[in-house]
Amino acid sequence: MLVTRMLRQVVGQMLGSPACGCWTAAPPFRFLATSPRQIPADANFHSASFSGTDQPRVLITGGLGQLGVGLANFLRKRFGKDNVILSDIRKPPDHIFHSGPFIYSDILDYKNLREIVVNNRITWLFHYSALLSAVGEANVSLARAVNITGLHNVLDVAAEHSLRLFVPSTIGAFGPTSPRNPTPDLCVQRPRTIYGVSKVHAELMGEYYHYRYGLDFRCLRYPGIISADSQPGGGTTDYAVQIFHDALKNGKFECNLKPSTRLPMMYIDDCLRATLEVMEAPAESLSMRTYNVNAMSFTPEDLAQEVLKHIPEFQITYNVDSVRQAIADSWPMNFDDSNARKDWGWKHEFDLPELVTTMLNFHSSDTRVANAN
Ligand SMILES: NC(=O)c1ccc[n+]([C@@H]2O[C@H](COP(=O)([O-])OP(=O)(O)OC[C@H]3O[C@@H](n4cnc5c(N)ncnc54)[C@H](O)[C@@H]3O)[C@@H](O)[C@H]2O)c1
Ligand SMILES: C[C@@H](O)[C@H](N)C(=O)O
């Protein structure tokens, strides 16, 4: 009887659904619990919603990795230093600690996460914590906890406090049975890494929370991201970052993927801009909640040829890592991001030649500073 009544209630809410197609029924069960920890006696209540004229109050989880610090700097320029809080479980280096608000946050600790969101009146959350593809295979149970349980905590907190939530997905959310050249937004997704499985789960759960509870979930599938001033955290595309350090420092590079391994890639400036653009896009322009975004696609051989134009003595050798190679062989070679371009005007700025020039310029000025000291 009770179940029938509940079902009737939900269906009733579905039928009366708003134009967006979401049926904002009851919130996830965690909020319905009457545990005393739900509402502290001394709680201060603030509205979590914000009008278009307010600046968002931003929290970035897993912010000390390859992408988070760059994202914080980028968003702070737009929304003000104090409106963007970086968080991680690691201790920040001095220059990051002094560059803006930093807070400890373990995404496996739901209560801590909720306290941070409430106490800081967070309205936008960028969920960057994750174990990437190669480190995930080396520690599956930790990857499962961080990438899946952590995501559940973030989704619940975001739905409970009406946050706009960005979760990055990846080319790794596809697998060997997906079309690889090019890979469209909607196709078979049967990845064979815990990283990929957890990212498909994140896409589906985020979209489910959007349609079921009205959560403003937005997700981009990033290609391999290449950055100059931050180190990658243990992925399959890391070679495309390391090659620039080694080319300038030693004039040579040992690549852990085969010369012909083609993967989609993007320079970090394009990645951060895409992320902000999709977060700022009017909801009605988003025909989907998870989009492929792309910039270029190249092999180690292509990249080495481009580096050679700047450093004629550069040498590349190959010592293939079988785990990374198997992963790369199952991922997209080219990414179809036409929906992002059509819906919210995505346009990349960096192709391979600009990428290589920018990376080498950055590292050569770095090397000059190091030599001068
Ligand atoms: N870098 C890329 O090429 C790329 C490509 C596609 C998608 N992405 C996605 O973008 C996001 C950021 O990537 P990244 O390259 O900066 O990753 P990264 O591995 O460099 O950083 C991840 C961060 O998560 C933190 N972390 C781990 N466990 C945590 C926990 N329990 N609580 C809080 N933080 C925890 C780590 O300390 C680390 O600083 C990830 O979700 C990743 O899947 C990255
Ligand atoms: C592609 C991406 O998700 C990450 N750089 C990895 O290789 O695991």
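Just so it is clear, the structure is predicted and the values come from calculations on it, not from any experiment.

Thresholds applied
- Along each chain, numbering runs from 1 in the same order as the chain's sequence is written.
- Key to labels: chains lettered from A, ligands numbered from 1, both in the order written.
- Residues qualify for local features only when their pLDDT is at least 70, as the model is predicted, and side-chain atom pairs are given and counted only at 80 or more; totals for whole chains, interfaces and linings, by contrast, use all residues.
- No hydrogens and no water enter the side-chain calculation; it runs on all heavy atoms of the structure.
- Numbering goes from the N terminus for both helices and strands, where a helix is a DSSP run of H or I of at least four residues and a strand is a run of E of at least two.
- Strand pairing is defined by DSSP finding a minimum of two bridges between the two strands.
- Every axis corresponds to a line fitted to the C-alpha atoms, with the helix fit spanning only the stretch in contact, and the corresponding angles, defined between N-to-C directions, vary from 0 to 180 degrees.
- Only heavy atoms matter for contacts: two residues are in contact if any of them lie within 4.5 Å across the pair.
- Nearness is defined per residue: one heavy atom within 4 Å of the molecule or strand is enough.
- Distance and chemistry together define a polar contact, namely a pair of N or O atoms within 3.5 Å, with one atom able to donate a hydrogen and the other to accept it when in protein, and with adjacent residues in sequence counting only for side-chain atoms on both sides.
- The protein chains shown are the only cover counted for residues, whose accessible areas, like all others here, come from Shrake-Rupley with a 1.4 Å probe.
- For this classification, the nonpolar set comprises Ala, Val, Leu, Ile, Met, Phe, Trp, Tyr, Cys and Pro, the charged set comprises Asp, Glu, Lys and Arg, and every other residue, Gly included, is treated as polar.

J.: I would appreciate a short explanation of unusual backbone geometry in the present structure.
T.: Where the residue is not glycine, phi is negative for most of them; where a peptide bond is considered, it is trans in most cases. Cis geometry marks the peptide bond from Asn-181 to Pro-182, where omega comes out at 5 degrees. Among the secondary structure elements, Pro-182 is positioned in the loop between β6 (169-170) and α8 (194-213). Even without glycine at this site, Arg-121 takes up a positive phi of about 50 degrees. Within the secondary structure, Arg-121 is located in the loop between α5 (110-119) and β4 (124-127). At Ser-162, a residue that is not glycine, the phi angle is positive and equals roughly 50 degrees. Tracing the backbone through its elements, the reader meets Ser-162 in the loop between α7 (140-160) and β5 (164-166).

J.: Any chance you could explain the sheet that holds strand β8 (residues 224-226) here in plain terms?
T.: As a general point, the strands of a sheet are linked pairwise by backbone hydrogen bonds and lie either parallel or antiparallel. The three strands are arranged β8-β10-β12 in an open sheet whose pairing can be described as mixed. The open sheet is flanked by β8 and β12 (296-298), the only strands paired with a single partner. Strand after strand, the sheet turns through a mean of 45 degrees between neighbouring axes, direction not considered. Note that β8 and strand β10 (residues 263-267) share three bridges and pair parallel. Note on β10: the bridge partner recorded for Ile-225 is Met-266. Running at roughly 25 degrees to β8, helix α9 (residues 239-250) makes contact with β8, β10 and β12 of the sheet.

J.: Even after reading the chapter, I still don't get the site of ligand 1, so can you show me in this structure?
T.: Around ligand 1, the surrounding shell holds 26 residues, and the nearest of these are Gln-66, Asp-88, Arg-90, Tyr-195 and Ile-225. Taking Gly-65, its main chain carries an N or O atom lying 3.3 Å from an oxygen atom of ligand 1. With respect to ligand 1, the side chain of Asp-106 contributes an N or O atom lying 2.9 Å from a nitrogen atom. When the free accessible area of ligand 1 is taken as 820 Å², the share hidden by the protein chains comes to 93%. Only β6, α8 and β8 provide two or more residues apiece to the shell around ligand 1. Split into classes, the residues belonging to the shell around ligand 1 amount to 13 nonpolar, nine polar and four charged.

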